[in-house]
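A look at the structure
This is what each chain is made of:
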Amino acid sequence: MRKKIVAANWKMNMTLGESTRFIESFLLDAADIREVEIVIIPPFTALAKVTELLENKSQSIKVGAQNMHWERNGAFTGEISAALLRDLFIHYVILGHSERRRLFGETDEIVNKKVRAAHEATLRPIVCVGETLEQRDKGNVEKILSIQLRGSLKDLSEKELQETVVAYEPVWAIGTGRNATPEQAQEAHAFIRQTLREMSDETTADRIRIQYGGSVKSENAQELMGQQDIDGALVGGASLDPRSFAAIVKAARDQK
Ligand code: 13P
């Protein structure tokens with residue numbers, strides 16, 4: 001049985017004051033939740049603050065970063081390494097988000113270097129894949145997902161794969177208010193799991209958690225996460241409000 005994982009990707013939002021108010025309020029609603037793994041993913045500037053606020057408050061809430069560089073250290077002005085994130089007790093890192101692929105030129109090869117560097121530092125990657133609307137309209141969803149998965153997750157051991165979270169984020173559903181239907185999402189997730197099976201083995205593929213991301217809100221969370229291969233959510237806009245994010249976490253908890 002895969003434990004659901006629900007993550008709040010705050011993107012380039014949330015000052016220290018806003019982060020503090022969020023965590024204080026969110027804990028009132030969610031500190032006792034054990035059944036779901038919760039990950040708060042603030043901007044780099046709030047990582048230390050959020051970690052400090054969560055210390056000894058809940059076993060289920062972890063902190064993640066939104067990106068990192070693949071090198072361990074050195075002359076890479078403006079970059080952050082896996083070792084620097086581990087130094088802050090960070091557990092997860094989002095890699096290959098479509099905004100990074102589209103706006104910052106990240107390729108599957110770059111994402112793969114980062115994924116391997118994250119594992120080397122025992123940081124767990126949340127690896128994003130997903131098609132654009134044009135690719136969907138041309139009937140290329142499976143082709144794109146297969147290329148992204150095989151490229152981004154190349155050369156990982158079975159153990160590393162099991163410790164990787166995959167996030168299916170159709171680009172056309174991100175920040176648009178237009179989520180994939182539960183059927184569309186389930187279809188893509190089943191294909192992703194099948195591809196992971198081909199890349200490793202049955203047991204490994206069955207253990208990997210696959211999140212859905214793209215306009216997840218409290219209203220659609222329950223139905224999306226009720227699908228067989230949807231093991232959680234990666235939430236953008238609706239994760240900026242503690243109440244709405246808590247409602248999504250509860251939707252994950254209340255699945256049968
Ligand atoms: P929205 O929930 O705002 O659509 O963003 C999804 C996302 O990109 C999470 O990583």
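Quick look at the structure, then.

About the criteria used
- Residues numbered from 1 in each chain as written.
- Predicted model: local features only at pLDDT ≥ 70, side-chain atom pairs only at ≥ 80, totals over all residues.
- Heavy atoms only, no water.
- Near = heavy atom within 4 Å.
- Polar contact = N/O pair within 3.5 Å; in protein donor to acceptor, adjacent residues only side chain to side chain.
- Areas by Shrake-Rupley, 256 points an atom, 1.4 Å probe, with all protein chains shown as cover.
- Core = buried A, V, L, I, M, F, W, Y, C linked by side-chain atoms within 4.5 Å.
- Buried < 20%, exposed > 50% of the residue type's maximum accessible area, 1.4 Å probe, protein only.
- Helix = DSSP H or I, 4+ residues; strand = E, 2+ residues; numbered from the N terminus.
- Contact = heavy atoms within 4.5 Å.
- Axes fitted to C-alpha atoms, helices over the stretch in contact; angles between N-to-C directions.
- Parallel < 35°, antiparallel > 145°, perpendicular 65-115°, else oblique.
- Nonpolar A, V, L, I, M, F, W, Y, C, P; charged D, E, K, R; others polar.
- Expected span 1.5 Å × (residues − 1).
- Salt bridge = Lys/Arg side-chain N within 4 Å of Asp/Glu carboxyl O.
- Phe/Tyr/Trp six-rings, centres within 6.5 Å; stacked < 30°, edge-to-face > 60°.
- Pairing = 2+ DSSP bridges.

Taken together, N9, K11, H97, E169, A173, I174, G175, G214, S215, L234, G236 and G237 are the residues near the ligand. Between the ligand and the protein, one listed contact pairs an oxygen atom with a side-chain N or O atom of N9 at 3.0 Å. The contact in question runs from an oxygen atom of the ligand to an N or O atom on the backbone of S215, over 2.8 Å. Surface burial for the ligand is 95%, taken as the share of its 310 Å² of free accessible area covered by protein chains.

What follows covers the nonpolar core. Generally speaking, a soluble globular protein has its nonpolar side chains buried in company with each other. Grouped together as the largest cluster of nonpolar side chains are 69 residues, with contacts concentrated most on F26, I40 and F245. At 6 residues, the largest contribution of residues to this core is made by helix α12 (residues 242-253). Within the second largest apolar cluster, 11 residues are counted, among which are I5, Y92, I126 and A167.

A separate point is the side chain of K114. Assignment of secondary structure puts K114 in helix α5 (residues 108-120). Relative accessible area serves as the criterion here: at 4%, K114 is assigned to the buried category. In terms of polar contacts, K114 uses its side chain to reach the side chain of N67, at 2.8 Å. Contact partners of K114, with chain neighbours within four places excluded, come to N67, M68, H69, W70, L95 and E106.

Where α5 contacts helix α7 (residues 141-152), the axes come no closer than 8 Å and their chain directions differ by 40 degrees. Relative to α7, the element α5 is oriented oblique. Here α5 contributes D108, V111, N112 and V115 to the contact with α7, which in turn contributes I147, Q148, G151 and S152. Across the contact of α5 with α7, the residue classes tally to 3 nonpolar, 4 polar and 1 charged.

Here we come to unusual backbone geometry. Positive phi is not limited to glycine here, since T122 has a value of about 55 degrees. Here T122 shows up in the loop between α5 and β5 (124-129).

Here we come to α5. The end-to-end C-alpha separation of α5 is 18 Å, in line with the 18 Å expected for 13 residues at 1.5 Å each. Residues of α5 that are buried: D108, V111, N112, K114, V115, A117, A118 and H119. Buried residues belonging to α5 abut α3 (82-87), β4 (92-95), α4 (98-103), β5, α7 and α8 (158-162). Downstream of α5 by one or two residues, T122 has phi in the positive range, about 55 degrees.

What follows is about the pattern of salt bridges. Per the stated rule, a full pass over the model turns up 22 salt bridges. Taking the shortest distance from any N to any O, the salt bridge between K250 and D29 comes out at 3.7 Å. Of this pair, K250 sits in helix α12 while D29 sits in helix α1 (residues 16-30), and the two are 221 residues apart along the sequence. Using a relative accessible area of 25% as the deciding quantity, one classes K250 as partly exposed. Among the residues examined, D29 registers a relative accessible area of 24% and is labelled partly exposed. The partner of R124 in a salt bridge is E163, with the nearest N and O atoms 3.9 Å apart. Taken as a pair, R124 in strand β5 and E163 in the loop between α8 and β6 (165-168) lie far apart in primary sequence, 39 residues in all.

Taken as a whole and assessed by the stated rule, the structure comprises 5 aromatic pairs. Here W10 and F22 contribute two aromatic rings whose centre-to-centre distance is 4.8 Å and whose plane-to-plane angle is 70 degrees, an arrangement assigned as edge-to-face. Residue W10 is located in the loop between β1 (5-9) and α1, and its partner F22 is located in helix α1; the two are separated by 12 residues in the primary sequence. Per residue, the accessibility class of W10 equals that of F22, and both read buried. Ring centres 5.3 Å apart and planes at 35 degrees place the aromatic pair F26 and F245 in the tilted group. Taken together, the residues span a long stretch of sequence, with F26 in helix α1 and F245 in helix α12 at a distance of 219 residues. Comparing F26 with F245 shows no difference in burial state: the two are buried. What links up through ring pairs into an aromatic cluster is the set W10, F22, F26 and F245.

Strand order around the closed barrel formed by 8 strands is β1-β2-β3-β4-β5-β6-β7-β8, with parallel pairing between neighbours. Geometrically, the sheet is characterised by an average inter-axis angle of 25 degrees between neighbouring strands, direction not taken into account. As judged from the 2 bridges shared by strand β3 (residues 61-65) and β4, these two strands associate in the parallel manner. When the bridges of β4 are listed, A65 appears paired with V93. This element, α1, spans β2 (37-41) and β3 of the sheet and lies at about 170 degrees to β2. Each of β5, β6 and β7 (209-213) is contacted by helix α9 (residues 182-199), which is oriented at about 150 degrees to β7, the strand it contacts most.

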